[in-house]
There are 4 protein chains.
Amino acid sequence: MPTPPSLPKMEYRFLGRSGLQVSAISLGGWLTYGGHVEKENSLACMKAAYDSGVNFFDCAESYSGGKSEEVMGEAIKRFGWKRNDLVISTKLYWGAAFGDNPVNNKGLSRKHIIEGMNASLSRLGLDYVDLIYAHRPDRLTPMEETVRAFNYLINTGKAFYWGTSEWNADEIASAWRYADKLGLIGPVMEQPLYNMLDREKVEREYAHLYREVGLGLTVFSPIKSGILSGKYRNGVPPDSRFAQEHVEFIAGYWKRTGKEKWDSVIEQVNKLEPIAKDLGVSQSQLALAWVLKNPNVSSAITGASSPDQVYDNVKAIDAVDKLTPEIMAKIDEILENKPPAIIPRF
Amino acid sequence: MPTPPSLPKMEYRFLGRSGLQVSAISLGGWLTYGGHVEKENSLACMKAAYDSGVNFFDCAESYSGGKSEEVMGEAIKRFGWKRNDLVISTKLYWGAAFGDNPVNNKGLSRKHIIEGMNASLSRLGLDYVDLIYAHRPDRLTPMEETVRAFNYLINTGKAFYWGTSEWNADEIASAWRYADKLGLIGPVMEQPLYNMLDREKVEREYAHLYREVGLGLTVFSPIKSGILSGKYRNGVPPDSRFAQEHVEFIAGYWKRTGKEKWDSVIEQVNKLEPIAKDLGVSQSQLALAWVLKNPNVSSAITGASSPDQVYDNVKAIDAVDKLTPEIMAKIDEILENKPPAIIPRF
Amino acid sequence: MPTPPSLPKMEYRFLGRSGLQVSAISLGGWLTYGGHVEKENSLACMKAAYDSGVNFFDCAESYSGGKSEEVMGEAIKRFGWKRNDLVISTKLYWGAAFGDNPVNNKGLSRKHIIEGMNASLSRLGLDYVDLIYAHRPDRLTPMEETVRAFNYLINTGKAFYWGTSEWNADEIASAWRYADKLGLIGPVMEQPLYNMLDREKVEREYAHLYREVGLGLTVFSPIKSGILSGKYRNGVPPDSRFAQEHVEFIAGYWKRTGKEKWDSVIEQVNKLEPIAKDLGVSQSQLALAWVLKNPNVSSAITGASSPDQVYDNVKAIDAVDKLTPEIMAKIDEILENKPPAIIPRF
Amino acid sequence: MPTPPSLPKMEYRFLGRSGLQVSAISLGGWLTYGGHVEKENSLACMKAAYDSGVNFFDCAESYSGGKSEEVMGEAIKRFGWKRNDLVISTKLYWGAAFGDNPVNNKGLSRKHIIEGMNASLSRLGLDYVDLIYAHRPDRLTPMEETVRAFNYLINTGKAFYWGTSEWNADEIASAWRYADKLGLIGPVMEQPLYNMLDREKVEREYAHLYREVGLGLTVFSPIKSGILSGKYRNGVPPDSRFAQEHVEFIAGYWKRTGKEKWDSVIEQVNKLEPIAKDLGVSQSQLALAWVLKNPNVSSAITGASSPDQVYDNVKAIDAVDKLTPEIMAKIDEILENKPPAIIPRF
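Residues numbered from 1 in each chain as written. Chains lettered and ligands numbered in written order. Predicted model: local features only at pLDDT ≥ 70, side-chain atom pairs only at ≥ 80, totals over all residues.

Per an unreviewed UniProt entry, chain A goes by the name Aldo/keto reductase and belongs to Hypoxylon rubiginosum.

As C-alpha cells, then:
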C-alpha cells in the first residue's frame, strides 16, 4: 500500500530545551505494536508512520511484557532504517522479565535502571536508545540514586537523554536540583497524559518548568482512548472489532466516575462535532491538532490499528493552523476546564 | 526435598536509604557455602533459601580463600536463577589469592580494590555484584583513595552499591565527607556484628548515621555462633558433628573472656528460654526475630548446615510481630545491656 | 616524484594553549581529497605534504559527503604512516550520511555529535581523531548539551581535543563558561576564515580569547579561493582545468557583492604583486606567509591539486621572516582593512 | 642459582600517602634490563630481585627505546609472576617509538600521554601499570591538560596512580592545585635523584609536600652511578667490563664540573670508607642504607648487572638500623652538604 500523496509535510519540534528533534506526531507501542494488534499489521503501521515522516517511536519495557521493544527491533531490521534517522525511546519502571521474584525488577533503583536498560536494549537489538524515561516516579528510591543511575546510562552511551513519565512538577524539579548540585544531566522531557479533557498537569502544574528547565513534552492519549473521536456518541459500536473491550472500558469508566459524569463528558464531546465539521476534519484530528497547538508539546504519541489510521493521524498536522484564537476560545467554552492563568508574582 | 508449605511470606526491606530491597533473612557464605559444609549440601541450603524467598546472598573474597564465591557462581548456573532476581554481595580486604607476596593483596588501596573486584567477579562468573563491601577499615590507606576506588567500581558497572563492614561510625562519616566533597557516592550499608549480646555499635554508635546518611545494616552473627540458640546450656553437645569445633570455640572464648564471663552469659541465655517457649518458637528464632525487630536492620545474615536449618531461620519472620513492647522490655531486663538513649542536645 | 630538497624545514606551532603541535602549513580535505581532485592525485598531494613535514590533515563529515575522511583513511593505510605522527581532525555538524530523514543528522545535539563521531571514525578507519570541531554554531541546541557531548567524546577516547569552526567570540566564551562551571574541557581551537581580505574576526573579535582561554586558530582559505594568488588579474584563465568552476565562482561573488566591489578587490590584489616580486615569492606565498605572520595562527589549512602546489605552499614558510614591520605596514596600507586596535580599559 | 638464605626480610613502605606498598629496594630498568646488560642476565637479575622480596620494578618508555618494558613483560610471563603481586611502573615523556616525526611523541600533551601509555602497555603485554610517571616536567603543555590526561589513564583503568619525575616542588604543587580544583587525582609520588651527594631537592625543596600532599619518593641513583661505592678511589678499574664506559662517564663528569670538584668528591667518598668498615658493610650498602634512612623515601631504585649484585643491594636493608644518630651526624660532617633546617613560621 503506497503512502498517500496527500499527506502534509511532517513537522519536527525540538524536544524541550534539547538539540534533538522529534516528529510532532509519533507512534506509541502501547497499543500499536507488540500488543493486541497482530504483528504484521503492527509492522505495516510502523512503516506507514515512518513513510509519513514520523521519526519518534515510543516503547516501554512493560508494554506487552517487552514485546513492543521486540517488534520495534524487528521493524528496524526488516525495513533497513538507519539508526541515526530514528528517535527510539523506552521506559523503565516495571521490569518486563519479572523472573521468579519481582522485588527488585521494578522501581527506579540503580539496580533496576541498569538491568532494565540492558534487557530493553537486548530486546530492541540496539546499542542505545535516544530517550530513556522513568516510567512513573518511585517515591521509595532516593532521587539522587535515580538521577545518578540515568546519568550512568548516558555516560556509558546507552541513552542520549533521560526523562520522566507522569511525575509531579515538584519531583521533576527535585531531580534537577540533584543534577545541578552534582554537575549531572537532568530530565529533559516528561511524558504526561494530555488531551482536551485532561489539561491541569500540562497547562498549569508544569508551567514554570518549561521556562526553568526547558522541559519538553511527549504526550500520550491525545484522543483519550477514543472518547474524543466521537465514537461513543451512541454507546459502544456493536460490530467493532474491539466491542467487547469497549464495553469493559466504558464499564470501568462508569464504575470509577459514575454514569452522570460519563454522560456529561459525551455531551461535551458531541458539542465539538460541529467545530470539526466546519474545519473539514474528523473529531480525532481536531483533538490531535488541539494538542499540537500547545507549543510546549514536542510530540503527540498516537496509536493505530491500521496504516490508514496512521495517515489520518498525520493529517491532523494540517489542522493545527486552522485553530484560530476564536476557535480555541470556542473550544474552551465547551470544555469548561481551562486552568486559570498563572499570575506572575509582582 | 520440597519447600515446606508452612513457610511465612518473605519480608523484603530497603537497604538503608537506597532503592534496593533485600530479604530480611539472607544467607551468608562464611560458614554455609565454600566452607566446611560439604558442597552438595551447601548448594541444597542455597536452593532452600532461594525457594523460601531469600534474594540476598553474601560472600567475601576471604571466605574459604574465595570458595564461597565459586560455590555461589555454581549455584546460579546450576539452578538457572535470573541475575536480576538476586542481590549478590562480596567483600574486599584480604585477597583470596595471595600469590607469592601478600603485601598489596589486602587493604583498601586502589590497587587491591580493583584487582580484588576483578578476581571476585571471575570466581563468581558474574559481570557485576550488587553490593561490594570494604571488609574492615584500612587505616593506612587514605580515605579519599578508598572512596574513589569504590566509585570506580560503580562507574565501570562492576558493582551497584558499596558499603563497609565493621567500620567505626566516624570512619563511615569520613567516607561520606569525601564523597560529598567530590560529588561521589558514599557507602550505603554497613555489615556489623549484631545480636542480643552485642548491641553497642548498632544501637548507639551508628545512631546518627541512620538519619544523616541513611545507613542500612546487613548484620552478621545474629545467633552469636550458636550461643543464643541455647545449645551450650549443658556444655558442648557430645555427639554433635561439630563437637570438636565447639570445644575449641568455647575454649577460645574462655581464654579471651574468662570462665566467669562465659558462665554468666550462659545463665542469661538460659533465662531467655521461657520467653521463647511462651511464643512457641525456638531460642534461635527468638534471637533472629529480636534482631529483625530493629528497624535499622535491613537483613540478618544467617548460616545453615542443612535445608531444614534454613527453613527454621526463615520461620523467625513470623515471630517478629510477637515481640510486643512488654516482651522486648523483659528481654532487656534479662540482657542488662541496653545502651542508654542518646539525648538530643537542647 | 621525490620531495624537492630545497623545501624549508617545517615549522610546528602549539595549538593555542594546548600541548599539541601542528605544522604551520596543513592540508585540508575540502577541495584536495575526496572532492573534485581525482583520487590518485589526492593521495599524491597528501604524500607530498607528509614528506614536507605536514602533520595536520583536516577533514569534515560534510566534505564530499564523507569522502575526504575515506581518502584520509586510505592514505594512512597505503603509506604506512604511524598514527602518533599524525594530527587528524574532522568536523561535525552536517551529517555525511543523511539517511532518509536529515532531521537529526545535523547540528550539535548529543545525538548527532555521538552518531556523527562514530560514523566519521568508521569512514576514517581510526579509533580516534586528534581534533574534533563543531562545524558552525548550533544556536538551537543548548550550549551545555554541546559542551557535555564533546567531553563525552574526549572521555571515551574518541577525540583528544575539541574546538569550533566559525563561531562568534561570545559563543566560544559561552562554551567555556559551561565547561568551567561543570569542570569540563572547553574548546581549545577555532577554525575561522582568515586571509588578507577577511581580518575582522581573527584580529579583532577573538582578541581577548587568545589571552583568556588560550584559543588556537587553524585558519582556512588563506588565499581566499585563489583570489589572492593574483590569478584573476585578467579574468578567468581560459585554459584552466577549473575554468568553468572559476566562472561560476566569480559569478557567485558578483551576485553577492556586486561587480564594483569585485573590481576594487582585484585592484588591491594587483597592488600586492610588486611586494611579492621584491621578496622573490609568488603572490600565493605572500598571502600564506602573511597569515602565518599572525602569532595567534597555529596552522594555515591549504588546498592543492598537485604535489607541486603542495611544495609551493610549504615554501611560504621561508617568506614569513621576510615580512618586516615595514612591509607589513605597506600591505596594511594597500588593504585598508586593518581592524582598529582594542584599547584596554583603564 | 638459589637465593641466599642470609638475605634480610624485605621491608615494604607505603608509597607516600597512598594505600600502595612498595619494596624499600626496587629494581630499575634503566641500566639493568633492556639496556646494555645481556638479556638472559637481565632476567636472572629480575628473578633474583623478585625472590628477594622486591615487588616494584621500574620502567620507562624511553629506556633503551622501549626495551626495558619488553624485557619486563617477558620476565612476568617466563616466571609466571602474579600480576597482583607486582608493582609495575613506567614513565612517559620521550616516546619510545618516534616514528618519522618526533614532534608530538614527547612531552605531556593529552595526545602523547594516551598514545604513549597504550604503546607502553603493548610493549609490557599488560592491561595496566600500577604507577605512571610524568618523566620530567613539560613546561610548554598546560598543567591542567597534563593532570586531566593522567586522570584519564586512571579512569580508564590503565594505571592506578600517577606521579612525576624530576619536577620542581612548585610544579608538583601546581598539579595538585588543578587536581583539587577539578576534583581529580593529584600526583602521589615523585622520582628524584637522591643520594649522599645530591640532597637539596629531597631534603629541602620538597619538604612541605610530604606534609601537604603526602608525596612519596621512589629515588634513583642512590649510589650515584657507582661513585659512592668507592670504586673510583684509584681511578677507573682497568679490567672492569665497563671500563670504557667508566672512562667516558668520568670524562663527562670532569668536563661538566672540573677536575678539582671531582677530586674533592672522591676524597669525601674515601672518608666514608672507615664508617662502612666499622658497620661491617660495603660502601655501596652504606650509601643505600643512608638513602633508606630518610622516612620520606618509599623505595630506592637500584641497578644490577648480576644476581649477586642484587643480593648485595638487598642486604643494605639490614644496615639501616645500624645508622644511629651519631653515625648520621658523622656522615653529615664528612659530606658538608646537609641542607639547613626549614624553620616553620611562627
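After that view of the structure, there is still more to cover.
**Q** So what's going on with the overall build of chain A? Residues and values would help.
**A** Counting secondary structure elements, chain A contains 12 helices and 10 strands. Computed over its C-alpha atoms, the radius of gyration of chain A comes to 20 Å, within 12% of the 20 Å expected for a compact globule of 346 residues. Along the first, second and third principal axes, the C-alpha atoms of chain A reach 60 × 50 × 40 Å. When each of the 346 residues of chain A is scored for burial, the buried share is 49%. Across chain A, contacts joining residues at least 24 apart in sequence account for 78% of those joining residues at least 6 apart. (Helix = DSSP H or I, 4+ residues; strand = E, 2+ residues; numbered from the N terminus. Rg over C-alpha atoms; globule rule 2.2 N^0.38 Å. Buried ≥ 20, exposed ≤ 12 C-beta atoms within 10 Å, placed from the backbone. Contact = placed C-beta atoms within 7 Å.)

**Q** Please give an account of the interface of chain B and chain A that cites residues and values.
**A** Counting residues at the interface gives 18 residues for chain B and 23 residues for chain A. Elements with a contribution of two residues or more to the side of chain B that touches chain A: β1 (12-14) and β7 (159-165) of chain B. Of the residues in the side of chain B that touches chain A, the class split is seven nonpolar, seven polar and four charged. (Nonpolar A, V, L, I, M, F, W, Y, C, P; charged D, E, K, R; others polar.)

**Q** So what's going on with the relation of the copies chain C and chain A? Which residues, and what values?
**A** Taken as rigid bodies, chain C and chain A are interconverted by a rotation of 89° and an axial shift of 0.0 Å, the fit giving an RMSD of 0.1 Å. Put plainly, the chains are arranged around a four-fold axis. (Least-squares fit on C-alpha atoms with pLDDT ≥ 70 in both.)

**Q** Can you break down helix α1 (residues 39-51) of chain A residue by residue, with the values?
**A** All names here are of chain A. Look at α1: 18 Å from first C-alpha to last across 13 residues, which is about the 18 Å you get at 1.5 Å a residue. Structurally, α1 contributes buried residues whose contacts are with β3 (25-28), β4 (56-58), α2 (67-79) and α11 (307-320). Positive backbone phi, at 100°, marks Gly53, one or two positions downstream of α1. (Expected span 1.5 Å × (residues − 1).)

**Q** How would you sum up the interface of chain C and chain A? Please name residues and give values.
**A** Between chain C and chain A, the residue contacts involve 22 residues of the former and 18 residues of the latter. At the level of secondary structure, the elements contributing two or more residues to the side of chain C that touches chain A comprise α3 (110-124) and α4 (143-155) of chain C. If one sorts the elements of the side of chain C that touches chain A by residue count, α3 of chain C sits on top with four residues. For the side of chain C that touches chain A, the class distribution of residues is six nonpolar, nine polar and seven charged.

**Q** Requested: an account of the packing of helix α2 (residues 67-79) of chain C against α3 of chain C, with residues and values cited.
**A** Residues and elements named next belong to chain C. Closest axis-to-axis distance for the α2/α3 pair is 7 Å, and the angle between their directions is 40°. Taken together, α2 and α3 sit at an angle that is classed as oblique. Side by side, α2 and α3 meet where Glu69, Glu70, Met72 and Gly73 of the first sit next to Ser120, Arg123 and Leu124 of the second. Of the residues contributing to the contact of α2 with α3, the split by class is two nonpolar, two polar and three charged. (Axes fitted to C-alpha atoms, helices over the stretch in contact; angles between N-to-C directions. Parallel < 35°, antiparallel > 145°, perpendicular 65-115°, else oblique.)

**Q** How would you explain the sheet that holds strand β4 (residues 56-58) of chain C if you had to name every residue and give the values?
**A** Residues and elements named next belong to chain C. With parallel pairing, eight strands are arranged side by side around a closed barrel as β3-β4-β5-β6-β7-β8-β9-β10. Two strands pair when backbone bridges link them, and strand β8 (residues 189-190) and strand β9 (residues 216-220) are joined in this way by two bridges, in the parallel orientation. Its bridge partner lying in β9, Met189 is registered against Gly216. α3 contacts β5 (87-92) and β6 (129-135) of the sheet and is inclined by roughly 135° relative to β5. (Pairing = 2+ DSSP bridges.)

**Q** Got a sec to walk through the relation of the copies chain B and chain A? Specific residues and values, please.
**A** Mapping chain B onto chain A leaves a residual RMSD of 0.1 Å; the transformation is a rotation of 90° accompanied by 0.0 Å of translation along its axis. Interface overlap between copies: only 6% of the residues of chain B at the interface are likewise at the interface in chain A, consistent with a contact formed by different surfaces.

**Q** Describe the sheet that holds strand β9 (residues 216-220) of chain D, listing the residues and the values that go with them.
**A** Sheets are built from strands paired through backbone hydrogen bonds, the pairs being either parallel or antiparallel. Residue and element names in this part refer to chain D. Taken in spatial order, the eight strands line up as β3-β4-β5-β6-β7-β8-β9-β10 and close into a barrel, and their pairing is parallel. The sheet contact formed by strand β3 (residues 25-28) and strand β10 (residues 297-302) spans three bridges and is parallel. Paired with Ser26 across the bridge in β10 is Ile301. Helix α3 (residues 110-124) contacts β5 (87-92) and β6 (129-135) of the sheet and is inclined by roughly 135° relative to β5.

**Q** An account of the environment of Pro5 of chain D is requested, with residue identities and associated values reported.
**A** All names here are of chain D. Residue position: Pro5 is located in the segment before β1 (12-14). Residue classification places Pro5 among the exposed residues on the basis of 5 C-beta atoms within 10 Å. Pro5 sits 67 residues away from Met72 along the chain, and the two C-alpha atoms are 26 Å apart.

**Q** Mind laying out the pairing of strand β3 (residues 25-28) of chain C, listing which residues take part and the relevant values?
**A** Residues and elements named next belong to chain C. Of the two faces of β3, the one lined by Ile25 and Leu27 and the one lined by Ser26 and Gly28 are each fully buried. Strand direction decides the pairing type here: β3 and β4, joined by two bridges, are parallel. Note that in β4 the partner of Leu27 across the bridge is Phe57.

**Q** So what about the pairing of β6 of chain D? Which residues, and what values?
**A** All names here are of chain D. A large share of β6 lies buried, amounting to seven of its seven residues. Traced from β5 through α3 to β6, the parallel crossover comes out right-handed. Across six bridges, β6 lies against strand β7 (residues 159-165) in parallel orientation. If you follow Ile132 over to β7, its bridge partner there is Trp162. With helix α4 (residues 143-155) bridging β6 and the parallel β7, this β-α-β connection has right-handed handedness. (Right-handed = clockwise from strand over helix to strand, strands pointing away.)

**Q** I'd like a description of the environment of Ile327 of chain A, backed by residues and values.
**A** By the secondary structure assignment, Ile327 of chain A is in helix α12 (residues 325-335). Taking the C-alpha atoms as reference, Ile327 of chain A lies 9.8 Å from Leu279 of chain A; in sequence the two are 48 residues apart.

**Q** Pulling in residues and values, what's your account of the packing of helix α3 (residues 110-124) of chain A against helix α4 (residues 143-155) of chain A?
**A** All names here are of chain A. Their axes nearest at 9 Å, the elements α3 and α4 cross at an angle of 25°. In terms of orientation, α3 lies roughly parallel with respect to α4. In this structure, the crossing between α3 and α4 has a hand that is right-handed. On α4, the residues touching Arg110, Ile113, Ile114 and Met117 of α3 are Glu145, Ala149, Phe150, Tyr152 and Leu153. (Left-handed = near helix turned anticlockwise from the far one by under 90°.)

**Q** Explain helix α9 (residues 259-279) of chain C to me, and be specific about the residues and the numbers.
**A** Helix length check: α9 of chain C (21 residues) gives 31 Å between terminal C-alpha atoms against 30 Å at 1.5 Å per residue, within 8%. Two residues or fewer past α9 of chain C, Gly280 of chain C is found with a positive phi of approximately 75°.

**Q** Talk me through the nonpolar core; I want residue IDs and the actual numbers.
**A** Grouped together as the largest cluster of nonpolar side chains are 376 residues, with contacts concentrated most on Ile132 of chain A, Ile132 of chain B, Ile132 of chain C together with Ile132 of chain D. Apart from residues no more than four positions distant in its own chain, Ile132 of chain C is found in contact with Thr90, Leu92, Met117, Phe150, Leu153, Ala159 and Trp162 of chain C. (Core = buried A, V, L, I, M, F, W, Y, C linked by C-beta atoms within 7 Å.)

**Q** I'd love a proper account of the arrangement of the chains, names of residues and values included.
**A** Left apart from each other, chain B and chain C have a closest C-alpha approach of 12 Å. The two units chain A and chain D remain apart, with a minimum C-alpha distance of 12 Å.

**Q** A description of the environment of Lys77 of chain B should follow, citing residues and the corresponding values.
**A** Its place among the elements puts Lys77 of chain B in helix α2 (residues 67-79). Distance from Lys77 of chain B to Gly125 of chain B, taken between C-alpha atoms, is 9.1 Å for residues 48 residues apart in sequence.

**Q** Residues and numbers for unusual backbone geometry, please.
**A** Residue and element names in this part refer to chain A. In this model, Ser64 sits at a positive phi of 50°, which is unusual for a non-glycine residue. Residue placement: Ser64 occurs in the loop between β4 and α2. What makes Ser64 buried here is the crowd of 20 C-beta atoms within 10 Å.

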